[in-house]
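Examination of the molecular architecture
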Amino acid sequence: MSDRTAAPAARTLAHVPDAVAVPGRILLAAPQWYDCTAALARLTALFTEADVAAETMEPVRLDAAIWPAPGAVPVHGLILHPSAEDYTAAAARRGTPPAAAIADWTHHTAGLLAQCARIARLTVLDPHGVLDDDRLADSLGAHLGLTLTGDATPPARSRDEDASAAVTRYLCRLAVMETPEVGKLAAALAPRVLPLWSAPPAAGIGDALATHATLAAGTGHGGVVDPVVHAALAHRLAEAEAQIALLVEQIVPLQEAVGAAIFDSATLQHQTIYAEDGLTHPAFYPPERRPADGRPLRWIGREDDAVVATDISRTRPVRVDVEIAVTISQAALKGFSVSVDGKAPLSVEVVRLDDGSWRHSSTFAPPAAPDPLALTRVGLHIAAKTDLTSRGDPRALAVGIHKIDVWQIQGDTGPGTVEITAADLTAPAFYDLELHPSGAAFRWMGREEAATHALAAPLPERVSAVVEMPLAISQRAVDGLALTLGGTAATAVKVEASADGRLTKTFTFAGVAGADSLGLTLAERVAEGGADGRMLGVAIARIVLRPA
């Protein structure tokens, strides 16, 4: 049992990008290719005791079941999905080669990412976290906005393994680390995964050596292990890890070269770096959780400066949003700063979030010499920290970071381009300005079915209009969104979804020179229910009009 102190469930939906109403019905989905029986049983018991309707189904049925008819209670989907290491280790114990298991996991995860892009109300749960977390009721309740009182089933240690299984897991971890695609998919899926605590598996070199010694000794009581064999195994494992590190180092420039064409595309890049997995610089202490709500974080303070590598090409201006979950003092918060490739920001904004965190946003100019083969590196700096030695804690702490978002932003838009932000959308059809967990401001459209926005700048003959939507109440609402320029309809329309669920809808217009108004129309609105009873269609972060 973890020794963390349980806290009452808070009605904060910081992890839920689509949270607009408390769900009245839960859909539980588990894949047939991984044993999630125990995790499903614990979840079902949790919702049953809270009198929340919960239905278990296969993941392929979620798309059809997730969208209720107008006026129905809000529905939220929870889907169980194992990590690559857990899946590969389980498959290897059944005799499946690790390479084949990793290929299966990447296939399943790519499909799940596509499903997340289609379904806004979908949260991914790790089956081992569901079983192990002694604060599951609090974490899940806060995430969904429900009061869950716990269940009678005590937390398990779902990865309790014998010596042979621990060695198998360690070798599978090495195989997973050699597969760059696993890291990319895991990072893309992370925004949809609810962080849950889970007992760490025995998977280090020391654990592998210890379990090998137990196997070699037979019963493990009084047996003798040949020290020469033990030393040889330790050398081989260390050599394997060194080779993996070298491979990863060599893979990076290859990925940069292969991705050069992608870096030159018009798509603005975005990457989220989570503290648990991404902030591994020596300046950071090991990961821990914020006591109030279990939010993962890492303290910086072991060193005063850290550099974090990203996958963002060095071709455009960028904005870096650092979510600070906790600070040791106001002086530490004020003394925290960010640089990009050694350059200071053009502007800095620090905003207090509803859950008590701070978002530290820094905007940077485009590189003087854009290089599509170079990757952006983010520098984190602290000017003040507190030495806790006198309190019995050997650490010196400044701020605890939950995640870092790095965004490419539009630079010089050029003549004929008009950018309409969410703050500019003040027509009666739009609700008040809201903030997405990613940091993007948006407005829901749906108070009325149609809106008109006046255009001050002249437009050229042919125009491309791109609508960026971090949220949508349904796919039908996205499909039914229509734009006009000066009353002229679009000649072509295209909808695209990013891996993290954001949507863009591009409209192409001809013969619109001199148009002075932008019209927006919704064909689908859904009553979300709840206290406010809002009618919602799509959430718009910005609209960009460019010469086509």
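Presented here is an overview of the structure given in this document. (Residues numbered from 1 in each chain as written. Predicted model: local features only at pLDDT ≥ 70, side-chain atom pairs only at ≥ 80, totals over all residues. Heavy atoms only, no water.)

Here we look at the overall build of the chain
Counted only if it meets this: Secondary structure elements follow DSSP: runs of H or I of four or more residues count as helices, runs of E of two or more count as strands, with numbering from the N terminus. Residue contacts follow a heavy-atom distance rule, with two residues in contact if any of their heavy atoms lie within 4.5 Å. Method for areas: the Shrake-Rupley scheme with a 1.4 Å probe, in which residue coverage is limited to the protein chains shown.
From N to C terminus, the chain includes 14 helices and 31 strands. Intrachain contacts of the chain at a sequence separation of at least 6 include 78% that bridge at least 24 residues. Summed over all atoms, the accessible surface of the chain reaches about 24400 Å², with 56% contributed by carbon and sulfur.

A few points about the pattern of salt bridges
The condition that has to hold: A side-chain nitrogen of Lys or Arg and a carboxyl oxygen of Asp or Glu constitute a salt bridge if their distance falls within 4 Å. With a 1.4 Å probe rolled over the protein chains alone, any residue whose accessible area is under 20% of its type maximum counts as buried; one over 50% counts as exposed, and the rest are partly exposed.
The final tally for this structure, using the stated rule, is 18 salt bridges. With its nearest N and O atoms 2.6 Å apart, the salt bridge here joins Arg295 to Glu323. Placement of the pair is Arg295 in the loop between β6 (288-289) and β7 (296-300) and Glu323 in strand β9 (residues 318-327), with a sequence separation of 28 residues. For Arg295, a relative accessible area of 5% corresponds to the buried category.

Examining the packing of helix α1 (residues 37-49) against helix α6 (residues 136-144)
The line we're drawing: Whenever a helix is involved, its axis is fitted only over the stretch in contact; in every case the axis is a line through C-alpha atoms, and angles between N-to-C directions fall within 0 to 180 degrees. For classification purposes, an angle smaller than 35 degrees is called roughly parallel, one larger than 145 roughly antiparallel, one from 65 to 115 roughly perpendicular, and anything else oblique. Left-handed describes a crossing whose near helix is turned anticlockwise from the far helix through less than a right angle; right-handed describes the clockwise counterpart.
The geometry of α1 relative to α6 is characterised by a closest axis approach of 12 Å and an angle of 65° between their N-to-C directions. In terms of axis orientation, α1 runs roughly perpendicular to α6. Taken as a pair, α1 and α6 cross one another with a handedness that is right-handed. Residue-level inspection shows Arg42, Leu43, Leu46 and Phe47 of α1 in contact with α6, the latter providing Leu136, Ala137, Leu140 and Leu144.

Looking at the sheet that holds strand β31 (residues 542-547)
Applied cut-off: Note: two strands are recorded as paired if DSSP finds a minimum of 2 bridges between them.
Ordered in space as β17-β31-β21-β26-β25, the five strands form an open sheet in which the pairing is antiparallel. One side of each edge strand has no neighbouring strand; the edge strands of this open sheet are β17 (418-421) and β25 (492-497). Across the sheet, the axes of successive neighbouring strands diverge by a mean angle of 15°, strand direction being ignored. Here four bridges tie β17 to β31, and the two strands are oriented antiparallel to one another. Bridge assignment links Ile420 to a residue of β31, and that residue is Ile543.

Some words on the pairing of strand β20 (residues 450-454)
Because side chains alternate across β20, one face comprises the buried residues Ala451 and His453, and the other comprises Ala450, Thr452 and Ala454, none of which is buried. In this sheet, strand β27 (residues 517-521) lies alongside β20 in antiparallel orientation, the contact comprising five bridges. In the sheet register, Ala454 faces β27, and the bridge partner there is Ser517.

Topic: the nonpolar core
The line we're drawing: Residues belong to one nonpolar core when they are buried, are Ala, Val, Leu, Ile, Met, Phe, Trp, Tyr or Cys, and are joined through side-chain atoms within 4.5 Å.
Residues Phe47, Leu80, Leu125 and Leu140 are the most contacted members of the largest nonpolar core, which totals 50 residues. If you tally residues by element for this core, the top one is helix α4 (residues 98-118), at six residues. In contact with Leu80, not counting residues within four places along its chain, are Ala29, Ala30, Pro31, Cys36, Ala39, Leu40, Leu43, Leu125, Asp126, Pro127 and Val130. Grouped together as the second largest cluster of nonpolar side chains are 40 residues, Val467, Val478, Phe507 and Leu518 included.

Digging into the packing of helix α3 (residues 84-93) against α4
Helix-helix packing is described using two parameters, namely the angle between the two axes and the distance between the axes. In the contact formed by α3 and α4, the axes pass within 9 Å of each other and the chain directions differ by 135°. Classified by the interaxial angle, the pair formed by α3 and α4 is oblique. Pair α3 / α4 crosses with right-handed handedness. In this structure, α3 uses Ala84, Tyr87, Thr88 and Ala91 to contact α4, whose residues at the interface are Pro98, Ala101, Ile102, Asp104, Trp105 and His108.

Details of the pairing of strand β19 (residues 441-445)
Counting buried positions over the five residues of β19 gives four, a clear majority of the element. Sheet topology places strand β18 (residues 434-435) next to β19; two bridges connect them, and they run antiparallel. Bridging across to β19, Leu435 finds its partner in Ala441. Alignment of β19 against strand β30 (residues 538-540), held across three bridges, turns out to be antiparallel. What sits directly across from Trp444, in β30, is Ala539.

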